[in-house]
Amino acid sequence: MMERNIVRTLIVETPSKPGNLGKVTTAIGDLGGDIGEITTAKIGPFTTVRKISIQCESTDQLKQMIEAVKQLDNGIKVLSVSDDVLLAHEGGKIHMSSRLDIRSLADLRRVYTPGVADVCRVIQEQPDKARLYTSKGNTVAIVTDGTAVLGLGNIGAIAGMPVMEGKAALFDRFVGISGIPILLNTSDPDEVVETIKRISLSFGGILLEDIGSPHCFEIEERLKAELPIPVMHDDQHGTAVVTLAAVISACRAAEVELEQAVVGQVGLGAAGIAICRRFMAYGVKEVCGVDREPTALDRLVQYGGTALNSLEDLMQKCDIIVATTGVAGLIRPEWVRKGQVILALSNPNPEIEPEKALAAGAAFAADGRSVNNVLGFPGIFKAALNVGAKEITADMLTAASKAIARCTPLGELAPHPLDPKVHIEVIEAVERVALMDRK
Ligand SMILES: NC(=O)c1ccc[n+]([C@@H]2O[C@H](COP(=O)([O-])OP(=O)(O)OC[C@H]3O[C@@H](n4cnc5c(N)ncnc54)[C@H](O)[C@@H]3O)[C@@H](O)[C@H]2O)c1
Ligand SMILES: O=C(O)C[C@H](O)C(=O)O
Ligand SMILES: [Mg+2]
């Protein structure tokens, strides 16, 4: 299984002669290394130094590639190997900064004492004004208990912090929201709900992230009912929104009517159950599922889905397969039927690599890197905050799916996450529906 989890940068020196870079990249490619960016660090009269970013599946494979480059000899040298991902994380990925400059005493008096006291009094009289005079209206808590971090499982909240900081960085980058990671050292639903309620005054919304099933369902439902601000569990609804968008795009390209297709969901946890519900709400007639937990299957049946006995049965029966189990390589290529749509969405590694699914006959295939909730949650929250929505409704989620599908180039399953148009379209579509809901 090609997992491409190891990302490293090789600093390679070659004699300044045409063909040497080709020898290096061939040596890496022959051993299965996936080459990303190549930048030139130094061009001298005799030698050139380049940084070559590579992805591979294991440290053994990395060692073999380094050895192969060294063996090329002819003056070709590996000067060093750096772990850019760890380096980029040093000091964390986010930072709180002041929006106002403080250079003079007058600034200080305006930003802080005594000026600030007047603002406090205004808010004391009209608490709603906090949305105008503080950062509350543009700040979202990103809350985890660390029980289902990506597909890494229950690794604890502190180990999940890099993911939460990542979501905060995405909020800032794509829609200008301040995301504040909140790590909980409990996963007891009563304690989680109580803790979030007690800190909720600081925030315009609550994004629940990487909270495992089944406790995530109760936590989200209770918070939605008890808090006057938008609450959304990203792994449930952010994922479901983006999955539906991808399948709408696949059906458009294949000229297939989604409502008539049979959808099969592998893994009925947080993401899986929400995906099934989203397809049913969209009007898909038959949604089937498998899970190793009988209680997860019962949940699907309660919502109107069909529980199947085995993954092989599901692969045989369904036209569209979505997998969110966290288990890399779970789907065997020989189970893939010709013409199927396969979305193997587990991160960091999918249930089947898209290339393998396509080679086995799938019409469309994608993994969780491209069909990723980053396309949904930033715009959904920005829209909800912009219009002061008290909740994120099913109609707002459907609007987000359709907006993402509209931004998807024909023949592809998802737009590029760095395309600013996607986030703008999601914001506009969701705002329109939220404003209609308010009337
Ligand atoms: N691409 C995305 O945007 C996106 C979003 C959310 C989650 N995910 C991925 O989905 C995966 C699951 O996340 P989650 O939050 O739903 O976790 P979860 O723990 O709530 O759900 C996982 C489910 O899979 C089931 N499962 C595990 N192994 C199985 C097997 N061998 N056969 C059948 N069922 C099995 C579990 O019983 C559980 O019900 C993770 O890898 C996560 O990275 C991807
Ligand atoms: O974090 C991601 O990349 C997507 C998703 O929220 C996940 O848990 O895998
Ligand atoms: Mg997640």
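Residues numbered from 1 in each chain as written. Chains lettered and ligands numbered in written order. Predicted model: local features only at pLDDT ≥ 70, side-chain atom pairs only at ≥ 80, totals over all residues. Heavy atoms only, no water.

For the chain, an unreviewed UniProt entry supplies the name NAD-dependent malic enzyme and the organism Polycladospora coralii. In its Pathway (unreviewed entry) section, UniProt records this for the chain: "Amino-acid biosynthesis." Checking UniProt for the chain, the heading Sequence similarities (unreviewed entry) contains the comment "Belongs to the malic enzymes family." (UniProt positions renumbered as here; feature names shortened; annotations may be inferred.)

J.: An account of the overall build of the chain is needed here, citing residue identities and associated values.
T.: What the chain contains, in helices and strands, is 17 helices and 14 strands. For the chain, the C-alpha radius of gyration of 24 Å lies close to 22 Å, the compact-globule estimate for 439 residues. Along the three orthogonal principal directions, the C-alpha set of the chain runs to about 80 × 65 × 40 Å. When each of the 439 residues of the chain is scored for burial, the buried share is 48%. On the chain, roughly 21,300 Å² of surface is accessible, and the fraction owed to carbon and sulfur atoms is 53%. On the chain, the mean spot of the 45 positive side-chain charges and the mean spot of the 55 negative ones are 6 Å from each other. (Helix = DSSP H or I, 4+ residues; strand = E, 2+ residues; numbered from the N terminus. Rg over C-alpha atoms; globule rule 2.2 N^0.38 Å. Buried < 20%, exposed > 50% of the residue type's maximum accessible area, 1.4 Å probe, protein only. Areas by Shrake-Rupley, 256 points an atom, 1.4 Å probe, with all protein chains shown as cover. Lys, Arg positive; Asp, Glu negative; His and termini not counted. Charge placed at Lys NZ, Arg CZ, Asp CG, Glu CD.)

J.: Just give me the short version of the environment of Ala-281, but keep the residues and values in it.
T.: Along the chain, the position of Ala-281 falls in helix 11 (residues 270-282). We classify Ala-281 as exposed; its relative accessible area is 63%. As for Ala-281 and Asp-395, which are separated by 114 residues in sequence, their C-alpha atoms are 9.8 Å apart.

J.: Could you give an account of the site of ligand 1, with specific residues and numbers?
T.: Lining the immediate surroundings of ligand 1 are 25 residues, of which Ser-213, Thr-239, Ala-270, Asp-291 and Asn-373 lie closest. Between ligand 1 and Gly-269, the relevant distance is 3.4 Å, taken from an oxygen atom to a main-chain nitrogen or oxygen of the residue. Residue Asn-347 places a main-chain N or O atom 3.1 Å away from an oxygen atom belonging to ligand 1. Contact with the protein chains removes 88% of the 860 Å² of surface that ligand 1 exposes when unbound. Those elements that place two or more of their residues in the shell around ligand 1 are helix 10 (234-254) and helix 11. Taken together, the residues of the shell around ligand 1 sort by class into eight nonpolar, 13 polar and four charged. (Near = heavy atom within 4 Å. Polar contact = N/O pair within 3.5 Å; in protein donor to acceptor, adjacent residues only side chain to side chain. Nonpolar A, V, L, I, M, F, W, Y, C, P; charged D, E, K, R; others polar.)

J.: An account of unusual backbone geometry is needed here, citing residue identities and associated values.
T.: If a residue is not glycine, its phi is most likely negative; likewise, a peptide bond is most likely trans. The step from Thr-113 to Pro-114 runs through a cis peptide bond, and the omega angle for that step is 5 degrees. Among the structural elements, Pro-114 can be located in the loop between helix 4 (105-111) and helix 5 (115-125). For the bond from Ser-213 to Pro-214, the omega torsion is 5 degrees, close enough to zero to count as cis. In this structure, Pro-214 sits in the loop between strand 7 (205-208) and helix 9 (215-226). Despite not being glycine, Leu-150 has its phi angle at roughly 45 degrees, a positive value.

J.: So what's going on with a nonpolar patch on the surface? Residues and values would help.
T.: On the surface, a cluster of nonpolar side chains totalling about 410 Å² of accessible area is made up of Ile-102, Leu-105, Leu-108 and Tyr-112. The topology assignment puts Leu-108 in helix 4. (Patch = residues over 30% accessible without salt bridge, like charges linked within 9 Å, V, L, I, M, F, W, Y side chains within 5 Å. Salt bridge = Lys/Arg side-chain N within 4 Å of Asp/Glu carboxyl O.)

J.: Can you break down the site of ligand 2 residue by residue, with the values?
T.: As a matter of local geometry, ligand 2 sits amid Leu-150, Lys-167, Glu-209, Asp-210, Asp-235, Asn-347, Asn-372 and Asn-373. Lys-167 is positioned such that a nitrogen or oxygen atom in its side chain is 3.0 Å from an oxygen atom of ligand 2. Asn-372 is positioned such that a nitrogen or oxygen atom in its side chain is 3.0 Å from an oxygen atom of ligand 2. Considered on its own, ligand 2 offers 260 Å² of accessible surface; in the complex 81% of this is hidden by protein. Classifying every residue of the shell around ligand 2 by side-chain character gives one nonpolar, three polar and four charged.

J.: So what's going on with the sheet that holds strand 7? Residues and values would help.
T.: Taken in spatial order, the four strands line up as 6-5-7-8 in an open sheet, and their pairing is parallel. Both edges of this open sheet fall to strand 6 (178-183) and strand 8 (231-233), since each of them pairs with a single strand only. Recorded for the sheet is a direction-independent mean angle of 20 degrees between the axes of neighbouring strands. Two strands pair when backbone bridges link them, and strand 5 (residues 139-144) and strand 6 are joined in this way by six bridges, in the parallel orientation. Across the sheet, residue Val-143 finds its bridge partner in strand 6, namely Ile-182. Along the sheet face, helix 9 touches strand 7 and strand 8 and points at about 165 degrees away from the line of strand 8. (Pairing = 2+ DSSP bridges. Axes fitted to C-alpha atoms, helices over the stretch in contact; angles between N-to-C directions. Contact = heavy atoms within 4.5 Å.)

J.: So what's going on with the coordination of the magnesium ion (ligand 3)? Residues and values would help.
T.: Within the first shell, the magnesium ion (ligand 3) binds the protein through Glu-209 (OE), Asp-210 (OD) and Asp-235 (OD), at distances of 2.0 to 2.1 Å. Site description for the magnesium ion (ligand 3): donor spacing in sequence, E-D-x24-D. Separated by 26 residues along the polypeptide, Glu-209 in the loop between strand 7 and helix 9 and Asp-235 in helix 10 bring together distant segments of the chain. The class for Glu-209 is buried, based on a relative accessible area of 1%. (Donors = N, O, S within 2.8 Å, 3.2 Å for Na, K, Ca; no water.)

J.: Which residues make up the pairing of strand 9 (residues 262-266), and what values go with them?
T.: Of all five residues in strand 9, five are buried; the element is thus mostly enclosed. Burial along strand 9 is two-sided: the face carrying Val-262, Gly-264 and Val-266 and the face carrying Val-263 and Gln-265 are both buried. Bridge analysis of strand 9 against strand 10 (residues 286-290) gives five bridges, and the strand direction is parallel. Each residue of the ladder has a partner; that of Val-266, found in strand 10, is Val-290. Relative to strand 12 (residues 320-323), strand 9 runs parallel, the two being bridged by four bridges. Bridge pairing links Gly-264 to Ile-321 in strand 12.

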